[in-house]
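This is what each chain is made of:
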Amino acid sequence: MSQHLTIVEHPLVQHKLTLMREKDTSTKSFRQLLREISLLLAYEVTRGLPMTTRRIETPMCEMDAPVIDGKKLALISILRAGNGLLDGILELIPAARVGFVGLYRDEETLKPVQYYFKVPTGLDERVTILVDPMLATGNSSAAAVDLVKQAGATNIIFLCLLAAPEGVARMREAHPDVPIVTASLDERLDERGYIVPGLGDAGDRMFGTK
Ligand code: URA
């Protein structure tokens, strides 16, 4: 993936995103839409995967047929909202290896602190897709990328549903080698760090916790 920021402008993605943004969309619909949109985003984020060929036999003849090269992908979810995106992507890429990163914000230092980290082995040989629906300040995303790099990943793509310009700038500064794929670049962050116009708290909306 050559660009630092890719916005997936496909009409189905944009239409579903609008339905997700609406404040009266139910938890059930939000979850269903997230599942559907994750499949479309997964299609886009995997567009540049390395390919090779395998000799196969069709009922008609032999051929060198295209297959994805290399080790299985690693999908790493930033807890807890990342899991909503992860579920849909796993439907499309069921053989992917899966990891989780848990971070919370220390209220005194305002810095992200790790509370959980479990990722697949062999990250140095895998394309690693880090998923979190909301790229807001970018602090936890940049910290998650730090951790995944420390675990060996060198080929990382960050996938989110919405990005704020502040988060994109933070990621570009901290990790210029990590391309970002998103359905929308929104206007700004508010004083609490929420994306505007955004869709509210993604975790609360997908899990019905508010
Ligand atoms: N996390 C969310 O869930 N929503 C935002 O707008 C920002 C961060």
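Quick look at the structure, then.

1. Re the pairing of strand 2 (residues 51–57)
Step number 1: Here seven bridges tie strand 2 to strand 3 (residues 62–68), and the two strands are oriented antiparallel to one another. Bridge pairing in strand 3 links T53 to P66.
Step number 2: Here strand 2 hands over to strand 3 after four residues, the two strands then running antiparallel side by side.

2. Examining the site of the ligand
Step number 1: In the region of the ligand, the neighbouring residues are M134, A136, G193, Y194, I195, G200, D201 and A202.
Step number 2: Contact between the ligand and I195: an oxygen atom at 2.7 Å from a main-chain N or O atom of the residue.
Step number 3: Measuring from an oxygen atom of the ligand, one finds a backbone N or O atom of A202 at 2.8 Å.
Step number 4: Along the lines of polarity and charge, the residues of the shell around the ligand split into five nonpolar, two polar and one charged.

3. What to know about the side chain of S77
Step number 1: Looking at the element boundaries, S77 is found in strand 4 (residues 74–78).
Step number 2: When its relative accessible area of 0% is taken as the criterion, S77 is described as buried.
Step number 3: Among the polar contacts made by the side chain of S77, one reaches the side chain of N83 at a distance of 2.5 Å.

So, how was this worked out
In this convention, every chain numbers its residues from 1, walking through the sequence in written order. Predicted model: local features are reported for residues with pLDDT of at least 70 only, side-chain atom pairs are reported and counted for 80 or more only, and whole-chain, interface and lining totals are derived from all residues. Side-chain numbers come from the whole structure's heavy atoms, not from hydrogens or water. For two strands to be treated as a pair, DSSP must find no fewer than two bridges joining them. Secondary structure elements are defined from DSSP: runs of H or I of at least 4 residues count as helices, runs of E of at least 2 residues count as strands, and each element is numbered from the N terminus. A single heavy atom is enough: if one lies within 4 Å of a molecule or strand, its residue is considered near that molecule or strand. Definition of a polar contact: a pair of N or O atoms within 3.5 Å, with one able to donate and the other able to accept a hydrogen when the atoms are protein atoms, and with sequence-neighbouring residues admitted only if both atoms are side-chain atoms. When residues are grouped by polarity, Ala, Val, Leu, Ile, Met, Phe, Trp, Tyr, Cys and Pro land in nonpolar, Asp, Glu, Lys and Arg in charged, and all others, Gly among them, in polar. Burial status follows relative accessibility: with a 1.4 Å probe on protein chains alone, a residue under 20% of its type maximum counts as buried, one over 50% as exposed, and anything between as partly exposed.

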